[in-house]
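Secondary and tertiary structure notes
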Amino acid sequence: MTHSLHRTGDASSLERDYVILAMLAKGINDSAPAASERLMRAGAIFKKHGPVNIMMESLWTISPVITVVYDDENKVKQALRALKEADLGISIVVSGLLSGIQAATREAGLSMHTVHLSLGIFGCKDKLPRSEVLDLTTMCGHHCISPANVAIQVNRIRNLGVPVDAAAAELAKPCICGIFNTSRAAALLMQLAEGDDKGL
Amino acid sequence: MKIKQDKCTGCGSCAVICPVEAIHVADGKAMIDKDACVECSTCYRTAVCPARAIIQERLKWPRLVRNIFSDVASSHKITGVPGRGTEEMKTNDVTGRFGPEDLGFSIELGRPGLGARLASVELFTVPLSRLGVEYEQANPLTALLADGDGHIKDDVKGERVLSAIIEFKVPSAKLTDVLAIIKELEGKVDTVFTVGMIARAGADGGLPIIDVLSERGFPPRPNAKVNVGLGRASPGGGVA
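To start, this report covers the structure provided alongside it. (Residues numbered from 1 in each chain as written. Chains lettered and ligands numbered in written order. Predicted model: local features only at pLDDT ≥ 70, side-chain atom pairs only at ≥ 80, totals over all residues. Heavy atoms only, no water.)

All names here are of chain B. Its volume calculated, the second largest pocket comes out at about 210 Å³. If you go around the second largest pocket, you meet 13 residues; those closest to its centre are P100, A199, R200, P208 and I209. At the level of secondary structure, the elements contributing two or more residues to the lining of the second largest pocket comprise strand 5 (102–109), strand 10 (192–200) and helix 7 (209–215). In terms of residue class, the lining of the second largest pocket is made up of eight nonpolar, two polar and three charged. (1 Å grid on protein atoms, 1.4 Å probe; cavity = no way out; pocket = protein on both sides within 12 Å on 5 of 7 lines; lining within 4 Å. Points joined across faces, edges and corners; volume = space filled by probe spheres on them. Helix = DSSP H or I, 4+ residues; strand = E, 2+ residues; numbered from the N terminus. Nonpolar A, V, L, I, M, F, W, Y, C, P; charged D, E, K, R; others polar.)

Okay, structure coming up:
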């Protein structure tokens, strides 16, 4: 999850990409009365507010964290407001454009406690795939999406008439945390399918 | 990972999905480059093989560390958190791990997507140890440090992982020293790395650290991760 922090892309694309997580603190509040039940309630709130993607429910009971992604800042605001009202006492973290998070937290009546800033990518950047491909692969927090699969999905859209949403869903499969934003991916895949082949 | 050659049809589905391009099809069969493979299990977990030819081998030390650092479904026994990271700032409203005078860092070698040898971690951990940083004890990488000087245990140095996160905190007065190490090593690693920095927000919600970082040549990207302070140690307790 640290690496929802390093999702790449331009601001107009990132403004449709917000990850939220609810997490229990090991050894502190993970066994407090009904800790698991409170985590489930956070997951239910996530689900209620129209996510693009969410962690599989079969994992909710065995993971100390539940993750979700939205493509609309307003949904983030509403989800945060509902989480505040629910007063679950578990940690909530939002990842995305800082300006959007600041607005969402303010309007939900919350304040920022701790921030994790991205200082960027360093080192042998010339070895990385082209930026449009990276915008897609970095949407899996554990980097399980392969650049080769991006090229395959672009080809399926372009030459086999596969619907872009289906191609985005196919690309999302290795991301078990459910934070791969299929809505944003569909837009990015379409741009690639309409563009050139260089670097794919 | 292993591909059973008698079952493989050579369709290449596994090669497409491998995040580190460790699988290639030759002479009608898919083969895994064992040195390049980081044991992330993506090819197995996504069930892309129509012939079910991919199997998970029982890994022995030191190859096992590849799986610990690369497989999202692998929870380290210390962290309990899926993947290679820790709770870091995500539960800071409960743990108080990072105080108002602390700065936290996450330097992730190999991300995004290129992978890294654990030997390259030492490039960072030796000068960072000299600086006296406080490593995150729950991070599996910290357990691989052989000594207080930041050296990595010899038997795991050759292992390749999808990424490895060096997590530590320092007093804010040491910010310049940490940034100097990052700057110096940028051109010396054979892979990529990402850098994240953790700070408490001010009582007014302000983040003066952003201007400080910009002045020192490290302007933060527009993305950030924010703990919104809803966690408590107990249902009736307060925020840390």
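Now for the side chain of E167 of chain B. Residue and element names in this part refer to chain B. Mapped onto the secondary structure, E167 falls in strand 9 (residues 164–171). For E167, which is buried and forms no salt bridge, the nearest opposite charge comes from R97, at a distance of 6.7 Å. A distance of 2.8 Å separates the side chain of E167 from the side chain of T86, its partner in a polar contact. Setting aside residues up to four positions removed in sequence, E167 forms contacts with G85, T86, E88, F105, E134, Y135, E136 and N139. (Buried < 20%, exposed > 50% of the residue type's maximum accessible area, 1.4 Å probe, protein only. Lys, Arg positive; Asp, Glu negative; His and termini not counted. Salt bridge = Lys/Arg side-chain N within 4 Å of Asp/Glu carboxyl O. Polar contact = N/O pair within 3.5 Å; in protein donor to acceptor, adjacent residues only side chain to side chain. Contact = heavy atoms within 4.5 Å.)

The next thing to look at is the pattern of salt bridges. One pass over the full model with this rule turns up 23 salt bridges over all chains. Between D17 of chain A and R184 of chain A there is a salt bridge, with its nearest N and O atoms 3.1 Å apart. Here D17 of chain A, found in the loop between helix 1 (11–14) and strand 1 (18–23), pairs with R184 of chain A, found in helix 9 (residues 182–194); they are 167 residues apart in sequence, far enough to count as distant. The exposure class assigned to D17 of chain A is buried, which follows from its relative accessible area of 2%. Note that E88 of chain B is salt-bridged to K225 of chain B, the shortest N-O span being 2.7 Å. Taken together, the positions of E88 of chain B in the loop between helix 3 (64–70) and helix 4 (92–95) and K225 of chain B in strand 11 (residues 223–227) put the pair 137 residues apart, joining distant regions of the chain. Exposure class is identical for E88 of chain B and K225 of chain B. Each is buried.

A few words on the sheet that holds strand 5 (residues 114–123) of chain A. Neighbouring strands of a sheet are bound in pairs by backbone hydrogen bonds; such pairs are parallel or else antiparallel. One open sheet accounts for 10 strands, arranged 2(A)-3(A)-1(A)-4(A)-11(B)-5(A)-10(B)-5(B)-9(B)-7(B); its pairing is antiparallel. Unpaired on one side and paired on the other, strand 2 (53–54) of chain A together with strand 7 (134–135) of chain B mark the two borders of the sheet. In this sheet, strand 11 of chain B lies alongside strand 5 of chain A in antiparallel orientation, the contact comprising four bridges. Among the inter-strand pairings, L117 of chain A is bridged to a residue of strand 11 of chain B, identified as A224 of chain B. Sitting on the sheet, helix 2 (residues 35–48) of chain A touches strand 1, strand 2 and strand 3 (65–70) of chain A, and the angle it makes with strand 3 of chain A is about 10°. (Pairing = 2+ DSSP bridges. Axes fitted to C-alpha atoms, helices over the stretch in contact; angles between N-to-C directions.)

Before going further, it helps to spend a moment on a positive patch on the surface. Positive charge collects at one region of the surface, where K2, K4, K7 and R52 of chain B lie side by side. Secondary-structure assignment places R52 of chain B in the loop between helix 2 (42–45) and strand 4 (54–55). (Patch = residues over 30% accessible without salt bridge, like charges linked within 9 Å, V, L, I, M, F, W, Y side chains within 5 Å. Areas by Shrake-Rupley, 256 points an atom, 1.4 Å probe, with all protein chains shown as cover. Charge placed at Lys NZ, Arg CZ, Asp CG, Glu CD.)

With the rule as written, the count across this model stands at five aromatic pairs over all chains. Between F122 of chain A and F193 of chain B, the ring centres sit 5.5 Å apart and the planes meet at 20°, which makes this aromatic pair stacked. Pair noted here: F122 of chain A is in strand 5 and F193 of chain B is in strand 10, and the two residues belong to different chains. With respect to burial, F122 of chain A and F193 of chain B carry one shared label: buried. Arranged with centres 6.5 Å apart and planes meeting at 75°, the rings of Y135 of chain B and F168 of chain B form a pair that is edge-to-face. Separated by 33 residues along the polypeptide, Y135 of chain B in strand 7 and F168 of chain B in strand 9 bring together distant segments of the chain. Each of the two residues, Y135 of chain B as well as F168 of chain B, counts as buried. Ring pairs connect the aromatic residues F122 of chain A together with F124, F193 and F218 of chain B, which therefore count as one cluster. (Phe/Tyr/Trp six-rings, centres within 6.5 Å; stacked < 30°, edge-to-face > 60°.)

What follows is about unusual backbone geometry. In this structure, the amide linkage connecting W61 of chain B to the following residue, P62 of chain B, adopts the cis form with an omega of 5°. Examined against the element boundaries, P62 of chain B turns out to sit in the loop between strand 4 and helix 3. Residue P112 of chain B is reached from R111 of chain B by a cis peptide bond, and omega for that bond is 5°. Looking at where P112 of chain B falls in the secondary structure, it is placed in the loop between strand 5 and strand 6 (116–117). Of note, the phi angle at D87 of chain A is positive, near 50°, even though the residue is not glycine. Examined against the element boundaries, D87 of chain A turns out to sit in the loop between helix 4 (73–86) and strand 4 (91–97). Looking at D87 of chain A, the relative accessible area reads 46%, which means it is partly exposed. A positive phi angle, near 70°, is found at S41 of chain B, a position not held by glycine. Summarising the element assignment, S41 of chain B is placed in the loop between strand 3 (29–32) and helix 2.

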